[in-house]
Amino acid sequence: MDKPQTEIDKTSQWLNSKDTMRQLKVSSCHLMHMRQAGKIKHKKQGNSFWYLIEQK
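Residues numbered from 1 in each chain as written. Predicted model: local features only at pLDDT ≥ 70, side-chain atom pairs only at ≥ 80, totals over all residues. Heavy atoms only, no water.

Peer 1: Help me understand helix α2 (residues 28–36), please; the structure alone is not making it clear to me.
Peer 2: Turn by turn, an α-helix covers 3.6 residues, leaving residues three or four places apart pointing in a common direction. Among the residues of α2, those classed as buried are Leu31, Met34 and Arg35. Within α2, the buried residues cover an arc of 100° as seen down the axis, which keeps them to one side. On its buried face, α2 sits against α1 (17–24), β2 (42–45) and β3 (48–54). Just downstream of α2, glycine 38 is the residue with a positive phi angle, here 75°. (Buried < 20%, exposed > 50% of the residue type's maximum accessible area, 1.4 Å probe, protein only. Helix = DSSP H or I, 4+ residues; strand = E, 2+ residues; numbered from the N terminus. Arc of directions from axis to C-beta. Contact = heavy atoms within 4.5 Å.)

Peer 1: Can you walk me through the nonpolar core in this structure?
Peer 2: Across soluble globular proteins, nonpolar side chains show a tendency to be buried alongside one another. Membership of the largest hydrophobic core is limited to seven residues, which are Leu15, Leu31, Met34, Ile40, Phe49, Tyr51 and Ile53. Of all the secondary-structure elements, those providing two or more residues to this core are α2 and β3. Take this core: its biggest share by element is three residues, from β3. Sequence-distant contacts of phenylalanine 49, that is, excluding residues within four places in its chain, are made with Leu15, Asn16, Ser17, Arg35, His42, Lys43 and Lys44. (Core = buried A, V, L, I, M, F, W, Y, C linked by side-chain atoms within 4.5 Å.)

Peer 1: For this particular structure, what's the right way to read unusual backbone geometry?
Peer 2: Residues other than glycine seldom take positive phi values, yet lysine 25 does so here, at roughly 60°. Within the secondary structure, lysine 25 sits in the loop between α1 and α2. With a relative accessible area of 75%, lysine 25 lands in the exposed category.

Peer 1: What should I look at first to understand the side chain of arginine 35 in this one?
Peer 2: Relative to the helices and strands, arginine 35 is located in helix α2. One buried charged side chain, arginine 35, makes no salt bridge at all; its nearest oppositely charged neighbour is aspartate 19, positioned 14 Å away. Of the polar contacts made by the side chain of arginine 35, one reaches the side chain of tyrosine 51; its length is 2.6 Å. Not counting residues within four places of it along the chain, the set of residues in contact with arginine 35 comprises Ile40, His42, Phe49 and Tyr51. (Lys, Arg positive; Asp, Glu negative; His and termini not counted. Salt bridge = Lys/Arg side-chain N within 4 Å of Asp/Glu carboxyl O. Polar contact = N/O pair within 3.5 Å; in protein donor to acceptor, adjacent residues only side chain to side chain.)

By themselves, these figures tell us nothing about what the structure is for.
As structure tokens, then:
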């Protein structure tokens, strides 16, 4: 499955929910609350969410 296409800088990448939870060390519930509060950029593609994570 292809990741969403967007123009982003090289320090950011799109991750699926599982990888985002692992990277941020949060539960699926907390990730959902972050998404709903607008604290994390996301896109929905089909039945999955993709999150824009900035790499340090």
